[in-house]
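# Coordinate analysis (summary)
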Amino acid sequence: MKRKLIAAIGVAGMMAGLAACGDSETASNAKPEDRKENLTVWLMVDAQSTWPELVKDVNAQFKKKYPNVKVNVQYQGWADKAKKLDTALGGDKFPDVVELGNTETMQYILNGALAEIDPKKYENSDTWIQGLTDTCTFEGKQYCVPYYAGARVAVYNQEMLKKATGSDALPETEDAFLKAMDKVSKEYGEKDKRYSSLYLPGRYWYAAMSYVAAYGGQIAEYDEGSKEWKGTLSSPESQKGIQHFVDLVKKYNKADLTKDEQDHANVMANEKAGVIYGNGWEAGSVVDGKNNGNAKLEGKIATAGMPGPEGKALPSFIGGSDLGIVEKSKAKDLAEEWVSLFTNEKSMEVLASKNILPNNTKQLEPLKEKPETAAVANAVPDAWFTPIAPGWTSIEKEEVLKNMLLQIIKGDSVEKAAKAADAKIDELINKG
């Protein structure tokens, strides 16, 4: 399938993009000290709050080579970034480099918004984490650079666990883990009927699909015969995973079963949960008193690999961010150099020092042994991702999965709800 450039930026935008290619090629022949372009970089606020020194250092390195190029780093919030980016891409004031969550990249690849990149121009590209590389790849070509990785793990209250079980170490097998949750429920649930030893929201599709993956199921698969994607949530393996998830929700979640995971860190901060299944960084959110967390829980919240069915760790969804170079940019070569500096081995060392997972397996390895990062680092290599399929870029994808789970919570059978979800997935995933 050809990328849909016109659908993303219109005919005028496409022509501007084509002209930009020529401008960039001409400019790249000039001496570095003679370059006078502006380079606009959109990064998410995480870089501003957690590794601002990395941004400053990379800009300094860049300026040393290109003293007359002005780099303008603009920090974006996750809530409105996509809307702002879509508007910018349709006009004449757009970033040259943009950070995208790895679930967003395929949409912009298909719409022709991102320029193709050559992995050989970037350090450690031969060891980039495969799950991130996949989110940047379409039809054998790559359109973005992996930035950092993330995964979901068990985030738990050590004090509560120890009081109920005598140990603050999370059990490694699911059988032992659930027995521990039963003890935590008895210890705290009898006093507070809204307390959940294991807080799994009913519409938490990331968690539900992790259980699907644990049983060998998947959301959809590509059928070589029909050359189409097919929803596979109604397969025996997927149904088993969905049922397992729903059973855990109904047994251990004593709050509103119809919510998703958006506020589960706050639920733990309010001491209404013993364990949540979340991103590794959410352990920090629980104790962040400046942002709805509970500073009194500092030192009591830990992370561990989430135990899964059949004696194995629960497969995690691969999270993280990628960096794309905008197709319409008039300074693609400069954008390429900036991204290369920002994602090289030296830069990844800065992220690793802050317990942020780097973009490559080489530098990820030491973090597997570090207590603060072991759980999430070990979850990355075997993590799963949503189908790398054109129609799956729609926001409707999440609603299909959330609605399926909600219908089951309300009483529909797993088989009925899964078949209905498959039909909707077939419609969405192939419509492009």
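Residues numbered from 1 in each chain as written. Predicted model: local features only at pLDDT ≥ 70, side-chain atom pairs only at ≥ 80, totals over all residues. Heavy atoms only, no water.

## Things to note about the pattern of salt bridges
Within this structure, the stated rule accounts for 19 salt bridges. The residue Glu159 makes a salt bridge to Lys300 at a minimum N-O spacing of 3.4 Å. Residue Glu159 is located in helix 7 (residues 158-165), and its partner Lys300 is located in the loop between helix 12 (282-287) and strand 12 (301-304); the two are separated by 141 residues in the primary sequence. Classification of Glu159 by relative accessible area gives partly exposed; the value is 42%. The exposure class assigned to Lys300 is partly exposed, which follows from its relative accessible area of 26%. (Salt bridge = Lys/Arg side-chain N within 4 Å of Asp/Glu carboxyl O. Helix = DSSP H or I, 4+ residues; strand = E, 2+ residues; numbered from the N terminus. Buried < 20%, exposed > 50% of the residue type's maximum accessible area, 1.4 Å probe, protein only.)

## Some points on the packing of aromatic side chains
Within this structure, the stated rule accounts for 16 aromatic pairs. The interplanar angle of 45° and the centroid separation of 6.2 Å between the aromatic rings of Tyr122 and Trp128 together place this pair among those described as tilted. Each member of the pair, Tyr122 as well as Trp128, carries the same accessibility label: buried. An angle of 25° between the planes, with centres 5.3 Å apart, marks the rings of Phe317 and Phe385 as stacked. With Phe317 in the loop between strand 12 and strand 13 (319-325) and Phe385 in the loop between helix 16 (374-379) and helix 17 (396-409), the pair connects residues that are 68 residues apart, well separated along the chain. Accessibility expressed as a relative area gives 3% for Phe317, which makes it buried. Among the residues examined, Phe385 registers a relative accessible area of 23% and is labelled partly exposed. A connected cluster of aromatic rings, assembled from ring pairs, spans Trp51, Tyr147, Tyr148, Trp338 and Phe342. Lys84 extends its terminal NZ or CZ atom over the ring of Trp42, reaching a point 5.8 Å from the ring centre. The ring of Tyr206 carries the charged tip of Arg152 above its face, separated from the ring centre by 4.0 Å. (Phe/Tyr/Trp six-rings, centres within 6.5 Å; stacked < 30°, edge-to-face > 60°. Lys NZ or Arg CZ within 6 Å of the ring centre and 35° of its normal.)

## Some thoughts on the sheet that holds strand 13
The five strands lie next to each other as 2-1-3-13-6, forming an open sheet whose pairing is mixed. Whereas interior strands pair on both sides, the edge strands pair on one side only; in this sheet they are strand 2 (70-76) and strand 6 (145-150). When strand polarity is set aside, the average angle formed by the axes of neighbouring strands in this sheet is 20°. Pairing geometry for strand 6 and strand 13, over five bridges, is antiparallel. (Pairing = 2+ DSSP bridges. Axes fitted to C-alpha atoms, helices over the stretch in contact; angles between N-to-C directions.)

## Observations regarding the domain arrangement of the protein chain
The assigned domain composition of the protein chain is domain 1 (31-149 + 318-378) and domain 2 (150-316 + 387-427). Each of domain 1 and domain 2 was reduced to a C-alpha centroid, and the two centroids are 29 Å apart. At the interface, 16 residues of domain 1 touch 12 residues of domain 2. Summing the contributions of domain 1 and of domain 2, the shared interface buries around 1000 Å²; its carbon and sulfur component is 65%. Scanning the region where domain 1 abuts domain 2 turns up zero salt bridges. (Domains from an automatic or database assignment. Contact = heavy atoms within 4.5 Å. Buried area = accessible area lost by both parts, 1.4 Å probe.)

## Some remarks on helix 9 (residues 205-214)
Burial of helix 9 is extensive: nine of the 10 residues sit out of reach of the surface. For helix 9, the complete set of buried residues consists of Trp205, Tyr206, Ala207, Ala208, Met209, Ser210, Tyr211, Val212 and Ala214. Where helix 9 is buried, its residues touch strand 7 (152-157), helix 8 (174-189), helix 10 (236-252), strand 11 (273-279) and helix 17.

## What to know about the confidence of the model for the protein chain
Across the protein chain, the average pLDDT comes to 91, with 93% of residues at or above 70. Taken together, the stretch residues 4-26 has pLDDT below 50 and engages in 30 contacts with residues farther than four places along the chain or on a different chain. (pLDDT = per-residue confidence, 0-100.)

## A look at the state of the cysteines
According to the stated counting rule, one finds one disulfide in the structure shown. Across the disulfide, Cys136 is cross-linked to Cys144 (sulfur-sulfur distance 2.0 Å). Here the disulfide of Cys136 and Cys144 is left-handed, its torsion about the S-S bond being about -110°. You can call Cys136 buried: its relative accessible area is 0%. With a relative accessible area of 0%, Cys144 lands in the buried category. (Disulfide = S-S within 2.5 Å.)

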